[in-house]
Amino acid sequence: MITKNKIETTRYIFEKVYSQYHHRRFAMNDPIQWIYSYPDKEDMEIVGLVSALLAFGNAKSFNSKIKKIISLWRSPSKELLNWSRKDFQGVLAGFQHRFVNGKTVANFLYGLRRILEEYGTIGFCILNHYEKSSGNLWNTLQKFTDELRRLADSPLYFLVPMPNKGGACKRFWLYLRWMVRKDEIDVGCWNFIKPYQLIIPLDTHIYQWAVSLRLISVRSRNAKTAMVLTEIFCKICPEDPLRYDFSLCQAGMLGMRDKILYDERKGK
């Protein structure tokens, strides 16, 4: 049980981190950086999904892989429709990002092309499944991934998470944060989902903040932990529980978490 005093103390720390790190200059190594080059919402949706799904492992490595893929088109929302599965497989032959090879990425892009053919945009596809799921976002993501796999005619191993397997689905929640919230960092392409509905993208940095502040005691980063932590973040900022996600991650990646907490304990 998190006490009211603990919530207030945590909010105070988070706001200090937010004021220092929630600025676009810290996005230079974050996968969201790639969205900023596109003025059209339809392109942002596609580039965002590609970037989020490849955002695992070393930042330098995954950013180079993201750049390789999105550099194939000036406007992916217009040009993807002209590509065949063989086209995708040809340009991605030899591609490898940790556990994901070029064939898997090619199949994903082909499935994405089919999504665009059927719905026009990723946003309309998500909206369709959101309405059929009565606003349940876990079910929405499950329906979306099921359709993407069906249209790709591929299991899309590891690249596309499966919400029904109990994982935290960090990369999907990261993508939804980008698409739903709107501020200096997040682009807010969609308004049918509200910020208070979002689930925390539970990566190692958010988890370490939570453990260091004794917000959680569990030792696994799965869907259940993500839900528990989101409930706590909802108490800290009810209308926007993911308000602090970017800044906490950036401070963590820069190795500042321990210093910030040490200075706070010392009253600095």
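Quick caveat: nothing in here was measured; it's all calculated off a predicted structure. (Residues numbered from 1 in each chain as written. Predicted model: local features only at pLDDT ≥ 70, side-chain atom pairs only at ≥ 80, totals over all residues. Heavy atoms only, no water.)

Participant: Just give me the short version of the overall build of the chain, but keep the residues and values in it.
Facilitator: Across its full length, the chain carries 13 helices and two strands. The C-alpha atoms of the chain give a radius of gyration of 19 Å, which matches the 18 Å a tight globule of 268 residues would have. When the backbone C-alpha atoms are referred to their principal axes, the chain occupies close to 60 × 40 × 35 Å. With 268 residues in all, the chain has 55% of them scored as buried. Residue pairs at least 24 apart in sequence account for 67% of intrachain contacts in the chain once pairs closer than 6 positions are excluded. Across the chain, 41 positive and 26 negative side-chain charges occur, with their mean positions spaced 7 Å apart. (Helix = DSSP H or I, 4+ residues; strand = E, 2+ residues; numbered from the N terminus. Rg over C-alpha atoms; globule rule 2.2 N^0.38 Å. Buried < 20%, exposed > 50% of the residue type's maximum accessible area, 1.4 Å probe, protein only. Contact = heavy atoms within 4.5 Å. Lys, Arg positive; Asp, Glu negative; His and termini not counted. Charge placed at Lys NZ, Arg CZ, Asp CG, Glu CD.)

Participant: Give me the lowdown on the nonpolar core, citing residues and values where you can.
Facilitator: Counting 98 residues, the largest nonpolar core has Phe14, Phe108, Ile122, Trp190, Ile193, Trp209 and Leu229 as its most contacted members. Ignoring any residue separated from it by four or fewer positions in sequence, one finds Phe14 in contact with Trp209, Leu213, Leu215, Phe233, Ile236, Tyr244 and Leu248. (Core = buried A, V, L, I, M, F, W, Y, C linked by side-chain atoms within 4.5 Å.)

Participant: Run through the side chain of Asp240, naming residues and quoting values.
Facilitator: Within the secondary structure layout, Asp240 lies in the loop between α11 (223-236) and α12 (245-253). A relative accessible area of 12% means that Asp240 is categorised as buried. Of note is the side chain of Asp240, whose polar atom sits 2.8 Å from the side chain of Arg181. Filtering out sequence-adjacent residues up to four positions away, Asp240 remains in contact with Arg181 and Pro195. (Polar contact = N/O pair within 3.5 Å; in protein donor to acceptor, adjacent residues only side chain to side chain.)

Participant: Tell me what's going on with the packing of helix α2 (residues 41-53) against helix α9 (residues 170-180), and back it up with residues and numbers.
Facilitator: Orientation of α2 relative to α9, taken along the N-to-C sense of each, is 150°, at an axis distance of 9 Å. The angle between α2 and α9 places the two elements in the roughly antiparallel class. At the point where α2 passes α9, the crossing takes the right-handed sense. Between α2 and α9, the residues in contact are Met44, Glu45, Gly48, Leu49, Ser51, Ala52 and Leu53 and Arg171, Phe172, Tyr175, Trp178 and Met179, respectively. Grouping the amino acids of the contact of α2 with α9 by side-chain chemistry returns eight nonpolar, two polar and two charged. (Axes fitted to C-alpha atoms, helices over the stretch in contact; angles between N-to-C directions. Parallel < 35°, antiparallel > 145°, perpendicular 65-115°, else oblique. Left-handed = near helix turned anticlockwise from the far one by under 90°. Nonpolar A, V, L, I, M, F, W, Y, C, P; charged D, E, K, R; others polar.)

Participant: Outline helix α3 (residues 59-70), supporting the account with residue identities and numerical values.
Facilitator: The first and last C-alpha atoms of α3 sit 16 Å apart over twelve residues, in line with the 16 Å expected at 1.5 Å per residue. Listing the buried residues of α3 in full gives Phe62, Asn63, Ile66, Ile69 and Ile70. Within α3, the buried residues cover an arc of 125° as seen down the axis, which keeps them to one side. Considering only its buried residues, α3 is in contact with α2, β1 (96-97) and α6 (102-119). The backbone nitrogen of Lys60 lies 2.9 Å from a side-chain oxygen of the residue at the head of α3, namely Asn58. (Expected span 1.5 Å × (residues − 1). Arc of directions from axis to C-beta.)

Participant: Give a detailed account of the side chain of His97, specifying residues and quantitative values.
Facilitator: Positionally, His97 belongs in strand β1. On the basis of relative accessibility, which here comes to 1%, the residue His97 falls in the buried class. Reaching out from His97, the side chain makes a polar contact with the backbone oxygen of Leu54 at a distance of 3.2 Å. The residues touching His97, leaving out its near neighbours within four places in the chain, are Leu54, Phe56, Ser61, Phe62 and Lys65.

Any functional reading would require information beyond the geometric quantities listed.
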